[in-house]
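What follows is each chain in one-letter form.
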Amino acid sequence: MNTSKLWTKDFIIMSVSTFFGSLTFYLLITTLTVYAIEEFNASQSMAGLASSIFVVGALVSRIFAGKYIEIIGRKKMLYGGLFLFLIMMLLYFIVENMNVLLFIRFIHGAAFGLFTTVIATVIMDIIPNERRGEGISYFSLSITLAMAVGPFLGLYISEQGSFTIIFVACTLFTLISTIIVLFVHIPEGNITKEQIDAMKGFKLKDFFEIKAVPIAIIIAIMGFAYSGILSFMTSYAKEINLMEAASFFFLVYAVFILISRPFTGRLLDKKGDNIVMYPALLLFVIGLVTLSQANQGFTLLLAGALIGLGFGTMNSCCQAIAIKESPRHRVGLATSTFYVFMDSGVGIGPFLIGFIIPVVGFRGLYLTLAVVVFASIFLYYVLHGKKKLTENNILQAS
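Looking at an unreviewed UniProt entry, one finds the chain named MFS family permease and attributed to Peribacillus huizhouensis. Taken directly from UniProt, the Subcellular location (unreviewed entry) text for the chain runs: "Cell membrane".

Below is the structure:
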């Protein structure tokens, strides 16, 4: 049997399942603010909460999922999470008031956090070690594509149809995501009783994988910067009269990630982390500066391409690094640690950035975020890059 085979049936099915689950997430996050305002006369801040409380739910469940995944069992947690995700999706059809909507969104997010953490953990287990960077690159494409197709579909259905059609589409995606996973073999973690007992405590290290934290800090800052694009692109495009080009921004972003993925993952496996991370950080900076100066459609879409090559590449590479740095039996914890930090950046971002916009405007915002990402190049060097440099020098010397 070829142990280095990547494209197995289980790998493909779990990637597709993640795509449809994430598609539901991104489609709803872009349309629910408008839904809350139109259906329940919600204020802007309450409508924003209806959208982002999903991320809070995912965050809370991921902290616990990472710790208890091997104790409860992967299969039970995966099917439980998916079943809960489907039930919550059906409840959108009968929501009567804003408080009920917020509750459903929170539990829906928690269910999403559960099943995506299990799938990501199982994927890490079935990817051959020598192709880990490449494997994670391809797997995380499922989330990246959902990040592009979801908002695009959400805006399209909002213009053409009703919120009921959005909920029907999301229910269909959830059903596909749930049904296909039934055909996957879910290996349980090869964990000794001592290792499980050690994870049953209630210390901080039982909820976070310490070795994954340095690179997780970097992705949290990147997620914060990216949330400024996710949440405020529409408002910015309206202000600079580039709405038509903006509707294709996320599609261009996804296309350039698709083009670059086959190379970046392999490069990470063969040449190490720094050779991919430094250019990606720099491309994200250039992309944000380009975005801040956009006066015509081409410039806006060029920014989308650069940000795809920058942030899109970093996303999968940071996840691969978090796994590589962590002990084998704590892969589940390392995965949830990575997602918790990234979700925190994306979740807290819009709230904090909301205070920056009135002071500096949208162009000033993207320039400010470019400075933040540029400063992160030095932070990456201190937290991880320097260590990799030393390791490479030692390997070359020997």
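Peer 1: Hey, could you run me through helix 8 (residues 213-239) in this one?
Peer 2: For an α-helix, 3.6 residues make a turn, and residues three or four places apart therefore share a direction. Given a rise of 1.5 Å per residue, 27 residues ought to cover 39 Å, and the 38 Å separating the end C-alpha atoms of helix 8 matches this to within 8%. Remark: the principal bend of helix 8, roughly 65°, maps to Phe232. Trailing helix 8 by a residue or two, Asn241 shows a phi angle of about 55°, which is positive.

Peer 1: Hey, could you run me through the packing of aromatic side chains in this one?
Peer 2: The relative placement of two aromatic rings is captured by the distance of their centres and the angle of their planes. One pass over the structure, following the stated rule, counts 27 aromatic pairs. Between the aromatic rings of Phe20 and Phe173, the centroid separation amounts to 5.8 Å while the plane-to-plane angle is 35°, which identifies the pairing as tilted. In this pair, Phe20 is assigned in helix 1 (residues 9-40) and Phe173 in helix 6 (residues 163-181), connecting sequence segments 153 residues apart. Their ring planes at 50° and their centres at 5.5 Å tell us that Phe54 and Phe112 sit as a pair that is tilted. Note that Phe54 is positioned in helix 2 (residues 44-72) and Phe112 in helix 4 (residues 98-126), a separation of 58 residues in sequence. Classification of Phe54 by relative accessible area gives buried; the value is 0%. Members of the aromatic cluster, each reached through a chain of ring pairs, are Phe25, Tyr26, Phe54, Phe85, Phe112 and Phe115. Stacked on the ring of Tyr339, the Lys or Arg Arg62 has its end atom at 4.4 Å from the ring centre. Sitting over the ring of Phe207, Lys67 keeps its end group 5.4 Å from the ring centre.

Peer 1: What should I look at first to understand unusual backbone geometry in this one?
Peer 2: Note on backbone geometry: most residues besides glycine have negative phi, and most peptide bonds are trans. Phi angles above zero are rare outside glycine, and Asn41 is one such case at about 50°. The residue Asn41 is located in the loop between helix 1 and helix 2 in this model. The phi angle at Asn241 is positive, at roughly 55°, despite the residue not being glycine.

Peer 1: In this structure, what is going on with the nonpolar core? I would like to understand it.
Peer 2: Judged by nonpolar contacts, the single largest core of 123 residues is most densely connected at Leu101, Ile229, Phe284, Leu291 and Leu300. Considering each element in turn, this core owes the most residues, 15 residues, to helix 13 (residues 331-397). In this view, Leu101 contacts Leu32, Tyr35, Ala36, Phe40, Ala50, Tyr92 and Val95; residues no more than four positions away in its chain are not counted.

Peer 1: Teacher, can you tell me more about the packing of helix 10 (residues 249-271) against helix 12 (residues 297-324) here?
Peer 2: Geometrically, a packed helix pair is captured by the angle between its two axes and the distance between the axes. Where helix 10 contacts helix 12, the axes come no closer than 7 Å and their chain directions differ by 40°. In terms of orientation, helix 10 lies oblique with respect to helix 12. With respect to the hand of their crossing, helix 10 and helix 12 are arranged in right-handed fashion. Taken together, the residues that form the contact of helix 10 with helix 12 break down as 15 nonpolar, 7 polar and 2 charged.

Peer 1: Teacher, can you tell me more about the side chain of Gln319 here?
Peer 2: In this fold, Gln319 is placed in helix 12. In this structure the side chain of Gln319 is engaged in a polar contact, spanning 3.4 Å, whose partner is the side chain of Tyr339. Leaving out residues up to four positions away in the same chain, Gln319 has contacts with Ala120, Met124, Ile136, Ser140, Phe338 and Tyr339.

Peer 1: Explanation requested: the pattern of salt bridges in the structure shown.
Peer 2: Where charged atoms of side chains with opposite charge meet at close range, the side chains can pair. Tallying each qualifying case throughout the model produces 10 salt bridges. Its salt-bridge partner being Asp10, residue Lys9 comes within 3.9 Å of it at the nearest N-O pair. On the accessibility criterion, Lys9 (53% relative accessible area) is exposed. Since its relative accessible area comes to 14%, Asp10 is described here as buried.

Rules of the game
- Residues numbered from 1 in each chain as written.
- Predicted model: local features only at pLDDT ≥ 70, side-chain atom pairs only at ≥ 80, totals over all residues.
- Heavy atoms only, no water.
- UniProt positions renumbered as here; feature names shortened; annotations may be inferred.
- Helix = DSSP H or I, 4+ residues; strand = E, 2+ residues; numbered from the N terminus.
- Expected span 1.5 Å × (residues − 1).
- Bend = angle between axes of the 7 residues up to and from the residue.
- Phe/Tyr/Trp six-rings, centres within 6.5 Å; stacked < 30°, edge-to-face > 60°.
- Buried < 20%, exposed > 50% of the residue type's maximum accessible area, 1.4 Å probe, protein only.
- Lys NZ or Arg CZ within 6 Å of the ring centre and 35° of its normal.
- Core = buried A, V, L, I, M, F, W, Y, C linked by side-chain atoms within 4.5 Å.
- Contact = heavy atoms within 4.5 Å.
- Axes fitted to C-alpha atoms, helices over the stretch in contact; angles between N-to-C directions.
- Parallel < 35°, antiparallel > 145°, perpendicular 65-115°, else oblique.
- Left-handed = near helix turned anticlockwise from the far one by under 90°.
- Nonpolar A, V, L, I, M, F, W, Y, C, P; charged D, E, K, R; others polar.
- Polar contact = N/O pair within 3.5 Å; in protein donor to acceptor, adjacent residues only side chain to side chain.
- Salt bridge = Lys/Arg side-chain N within 4 Å of Asp/Glu carboxyl O.

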